[in-house]
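Listed below are the residues making up each chain.
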Number of protein chains: 2
Amino acid sequence: MSTSLKKIAIVGSGNWGSAIAAHIGDKVLQLDTEYDPQILMWCKEEILDDGSKLTEVINTKHENVKYLPNKNIPKNVIATSDLSESVKDADILIFVIPHQFVKTTCEELKNQIKSSAFALTLIKGFYVDEKTNELLLVSEVIKNTLNIPCLSMMGANIAKEVADKVFCEATIGSRDEEHNDTVRQLIDRPYFRVRFYPDIEIIEILGALKNVIAMCAGFVDGLKAGFNTRAAVLRLGFREMINFCRLYKKESTTDIYLESCGIADLIASALGGRNYNGAKKMAETNRSLEDIEKKDLNGQSLQGPGTAKEAYRFLEGKNLLDQFPLFRDAYLICEKKIEPKKLLDNLSNHPEYSQKQQ
Amino acid sequence: MSTSLKKIAIVGSGNWGSAIAAHIGDKVLQLDTEYDPQILMWCKEEILDDGSKLTEVINTKHENVKYLPNKNIPKNVIATSDLSESVKDADILIFVIPHQFVKTTCEELKNQIKSSAFALTLIKGFYVDEKTNELLLVSEVIKNTLNIPCLSMMGANIAKEVADKVFCEATIGSRDEEHNDTVRQLIDRPYFRVRFYPDIEIIEILGALKNVIAMCAGFVDGLKAGFNTRAAVLRLGFREMINFCRLYKKESTTDIYLESCGIADLIASALGGRNYNGAKKMAETNRSLEDIEKKDLNGQSLQGPGTAKEAYRFLEGKNLLDQFPLFRDAYLICEKKIEPKKLLDNLSNHPEYSQKQQ
């Protein structure tokens, strides 16, 4: 019987990976249906301070004590450090690893995936080709390397709060509608509402870019500029995000920017996300990013600086940096080439204020 | 000579009134130009705790000690309690009084205004006609009663921060372009950027509605729902704001919602505006609005509850309350007809999640 049940694999087990594994693990138990209740979750092995292995702790305590402490992970979610094992029979692969590991992970999985499977990426970030300076999306890497369809889910989903089952929403990018019902079944709950759009590229780009603008909000907040300035930075940054997306691809509807993946994710990130907090601390203390990641973030890396670098390279390649001062300055601050104060001073001359208005 | 200089009057001297009077008072001193540097500011007389008159304190200490303490008001701004006197020779009238006093104030000023004058309103709020249930805007009341053109300025402009000259922006609604240069001259600064749009109605409606949605954010935050939920409420509320505006009038460009008067003002208000804080306290303490206004807000009234009431009546008249659950629930909470928890529970069934997607 079990061969006919659809198997789900979670590739990744960090903060967000553990939360979504718990969310889906919990949901499949309630669906007396076509899904195999046992979910394998790939976990990069780590030896914890007390000498125990992270996978073993997850499978005995049913909690990711390192990356999502004090939140229960249902017993039907099994952590494994064997990547091939975790995905071998999977029909649905959910990717939630740091974006810098996507290419190597997919290469490793090549030809090991069922041809009928499909993927869903929750990964924030994109790549800029070193030669062509063109954008490459995470979903494209997965799709092209594994030769399976790939959907994308982004939104205002701080992992800890999702684990606490407080209300949130997400946006799912899905080019055709074939897998929408499956994804809706696995993820949609009264306290986790999803909406589907065909604009998978826009959704992914927004999910990556918002970390940079959240950092900009953190910089000005670290300088104690106040709510008016923070709101202006978020608005100007949101406009830059939209303009950036449009350099890549025209959206099917401008509504996409007003979805959870757009304005809501930006707001949540700028209220208290990791990138916001790290940037704020940078502006306040003048400490380096590396130092903040190490001492304040439990070794978790910020996604914003990497994305800022890629965005800078993409815009530089198109000779458009002046049209995107927040993206430009965020990168330059991360590189310690300018002070956060410079970003604040530059707001006054943002191209928004010189462009022709309708 | 002075007869040829344009005279500016500020009608109102509360928190925002005092800040904009200081802003413009400071600016005209730098324009060696066509403006009379002396600006009259109408101030409803109040006797302070020490027995002194508010107007006299403003004119001697050059500070509105009651509504904008510790911020300097330049000496060329003169407070007067004589409404007629303040506007008699004015070429430019800036209205910044609580919206419930607009009609009576304008009636009092009828036939006292120069026919060549124009007005600029900074007032947040609108009216719903008791009989027809149709919206009536503050700018329309001013325009129709005084028979002069009226522009409107809204944006993320917390008064205290404007007084501190930290960077902010604003959106100005102006049907024709005749007075744009004057308004730009008086208000635009490197740390206060303005943009003009013809959508004066939309700008004003957004400026009023945002207080209600900021309250919704305060309610869920008072219930400790977290950042994801707060972001979802702001997004859903922003969509309701846009849909509400479209019931009244089609915008000339969807960009108007992404201006300072739209998303930025909403964000700033929901970060720490008065309506947000009052609503948060309501949800936390279960105290009444009146009690909070009296004890926590120095007697300043919240604009949100009044706007929620008007919005409710407008939507009820159109039989559309179910399409606007946040506006509906905000009003019902203010009236103590439902608990804030109910608004949170209703998010899950927001019409956004059932409407057909593109």
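Since we're looking at a predicted model, the values are computed, not measured.

Engineer: I'm lost on the interface of chain A and chain B in this one. Help?
Structural biologist: It is common to report an interface's size as the accessible area lost on association of the parts. Across the boundary between the two partners, chain A contributes 48 residues, which contact 48 residues of chain B. Carbon and sulfur atoms make up 55% of the surface buried where chain A meets chain B, a total of about 4,500 Å² over both sides. Between the two partners, chain A and chain B, sit 10 salt bridges. Of the charged contacts in the structure, one is a salt bridge between A:Glu352 and B:Arg195, with a shortest N-O distance of 3.7 Å. Our enumeration of links across chain A and chain B arrives at 24 residue pairs in polar contact (both at pLDDT 80 or more). The set of elements that each furnish at least two residues to the side of chain A that touches chain B consists of helix H6 (159-163), strand S9 (168-173), strand S10 (192-197), helix H9 (227-248) and helix H10 (260-272) of chain A. With 12 residues, the single largest contributor to the side of chain A that touches chain B is H9(A). Here the side of chain A that touches chain B is built from residues that sort into 26 nonpolar, 12 polar and 10 charged.

Engineer: Looking at this model, I keep getting lost on the UniProt feature "binding site: NAD(+)" (unreviewed entry) in chain A. Mind explaining?
Structural biologist: Residues and elements named next belong to chain A. Following the UniProt record, the feature "binding site: NAD(+)" (unreviewed entry) maps to Gly12, Ser13, Gly14, Asn15, Trp16, Gly17, Phe101, Ala159, Arg274 and Gln303 here. One can find Arg274 in helix H11 (residues 274-285). A relative accessible area of 29% places Arg274 in the partly exposed class. In this view, Arg274 contacts Asn15, Leu297, Gln300, Ser301 and Leu302; residues no more than four positions away in its chain are not counted. Within the fold, Gln303 resides in the loop between helix H12 (289-296) and helix H13 (304-317).

Engineer: I would appreciate a short explanation of the domain arrangement of chain A in the present structure.
Structural biologist: Residues and elements named next belong to chain A. Considered domain by domain, chain A is made up of domain 1 (2-198) and domain 2 (202-353). Put simply, the middle of domain 1 and the middle of domain 2, counted by C-alpha atoms, are 26 Å apart. Each side of the interface is counted separately: domain 1 has 34 residues, and domain 2 has 32 residues. Summed over both sides, the interface of domain 1 with domain 2 buries roughly 2,600 Å², with 56% coming from carbon and sulfur. Considering only the side of domain 1, the residues that lose the most area to domain 2 are Phe126, Leu135 and Tyr197, jointly responsible for 23% of the buried surface there.

Engineer: Sorry if this is basic, but what is going on with the relation of the copies chain A and chain B here?
Structural biologist: In summary, the two copies of the chain are related to each other by a rotation about an axis coupled with a shift along it. Rotating chain A by 180 degrees and translating it 0.0 Å along the rotation axis places it on chain B, where the RMSD comes to 0.0 Å. Accordingly, the operation relating the two chain copies is best matched by a two-fold axis. Most of the interface of chain A is mirrored in chain B, where 100% of its interface residues are also at the interface.

Engineer: Please explain the sheet that holds strand S3 (residues 77-80) of chain A as it appears in this structure.
Structural biologist: Backbone hydrogen bonds are what pair the strands of a sheet, in a parallel or an antiparallel way. Residues and elements named next belong to chain A. Strand order in this open sheet of 8 strands is S3-S2-S1-S4-S5-S8-S9-S10, and the pairing throughout is mixed. This sheet does not close on itself; its edge strands, each paired only once, are S3 and S10. When the angles between neighbouring strand axes are averaged without regard to direction, this sheet yields 25 degrees. Bridge analysis of strand S4 (residues 92-95) against strand S5 (residues 118-121) gives 4 bridges, and the strand direction is parallel. Note that in S5 the partner of Ile94 across the bridge is Leu120. Against the sheet, helix H7 (residues 180-187) contacts strand S1 (8-11), S4, S5, strand S8 (150-154), S9 and S10, and its axis sits at roughly 165 degrees relative to S10.

Engineer: Please explain the UniProt feature "binding site: substrate" (unreviewed entry) in chain A as it appears in this structure.
Structural biologist: Residues and elements named next belong to chain A. The sites that carry the UniProt feature "binding site: substrate" (unreviewed entry) are, in the present numbering, Lys124, Arg274 and Asn275. Sequence-wise these annotated residues cover 152 residues; spatially they are packed, their C-alpha atoms never more than 13.2 Å apart. Residue classification places Asn275 among the buried residues on the basis of a relative accessible area of 7%. Filtering out sequence-adjacent residues up to four positions away, Asn275 remains in contact with Asn211, Met215, Leu302, Gln303, Gly304 and Pro305.

Engineer: Just to check I follow, could you spell out helix H8 (residues 200-222) of chain A for this structure?
Structural biologist: One turn of the α-helix equals 3.6 residues, which is why residues spaced by three or four share an orientation. Residue and element names in this part refer to chain A. Here H8 is 23 residues long and its end C-alpha atoms lie 34 Å apart, about the 33 Å a rise of 1.5 Å per residue gives. At Leu209, H8 shows its strongest bend, of approximately 25 degrees. In terms of burial, H8 is a largely internal element, 23 of the 23 residues being buried. Positive phi shows up at Lys224, right after H8, with a value of about 60 degrees.

Engineer: Is there a simple way to think about the environment of A:Arg328 in this case?
Structural biologist: Residues and elements named next belong to chain A. For Arg328, the position within the fold is in helix H14 (residues 325-334). Separated by 20 residues in the primary sequence, Arg328 and Ala308 place their C-alpha atoms 7.8 Å from one another. If sequence neighbours within four positions are ignored, Arg328 has contacts with Tyr312, Leu321, Asp322 and Asn346.

Engineer: Sorry if this is basic, but what is going on with the pattern of salt bridges here?
Structural biologist: A side chain of one charge can pair with a side chain of the opposite charge if their charged atoms are brought near each other. All told, the structure shown has 75 salt bridges over all chains when counted by the stated rule. Measuring nitrogen to oxygen at the nearest pair gives 3.4 Å for the salt bridge that ties A:Lys318 to A:Glu134. With A:Lys318 in the loop between H13 and H14 and A:Glu134 in the loop between strand S6 (126-128) and strand S7 (135-137), this residue pair connects regions lying 184 residues apart in the sequence. Its relative accessible area of 32% is what places A:Lys318 among the partly exposed residues. By relative accessible area, which is 37% here, A:Glu134 ends up partly exposed. Linking B:Lys249 and B:Glu201 is a salt bridge whose minimum nitrogen-to-oxygen distance equals 3.8 Å. Taken together, the residues span a long stretch of sequence, with B:Lys249 in the loop between helix H9 (227-248) and helix H10 (260-272) and B:Glu201 in helix H8 (residues 200-222) at a distance of 48 residues. Owing to a relative accessible area of 36%, B:Lys249 belongs among the partly exposed residues under this scheme. What emerges from the salt-bridge pattern is a single network uniting A:Glu169, A:Arg195, A:Asp255, A:Glu259, B:Arg235, B:Arg239 and B:Glu352.

Reading the values: the criteria
Residues numbered from 1 in each chain as written. Chains lettered and ligands numbered in written order. Predicted model: local features only at pLDDT ≥ 70, side-chain atom pairs only at ≥ 80, totals over all residues. Heavy atoms only, no water. Contact = heavy atoms within 4.5 Å. Buried area = accessible area lost by both parts, 1.4 Å probe. Salt bridge = Lys/Arg side-chain N within 4 Å of Asp/Glu carboxyl O. Polar contact = N/O pair within 3.5 Å; in protein donor to acceptor, adjacent residues only side chain to side chain. Helix = DSSP H or I, 4+ residues; strand = E, 2+ residues; numbered from the N terminus. Nonpolar A, V, L, I, M, F, W, Y, C, P; charged D, E, K, R; others polar. UniProt positions renumbered as here; feature names shortened; annotations may be inferred. Buried < 20%, exposed > 50% of the residue type's maximum accessible area, 1.4 Å probe, protein only. Domains from an automatic or database assignment. Least-squares fit on C-alpha atoms with pLDDT ≥ 70 in both. Pairing = 2+ DSSP bridges. Axes fitted to C-alpha atoms, helices over the stretch in contact; angles between N-to-C directions. Expected span 1.5 Å × (residues − 1). Bend = angle between axes of the 7 residues up to and from the residue.

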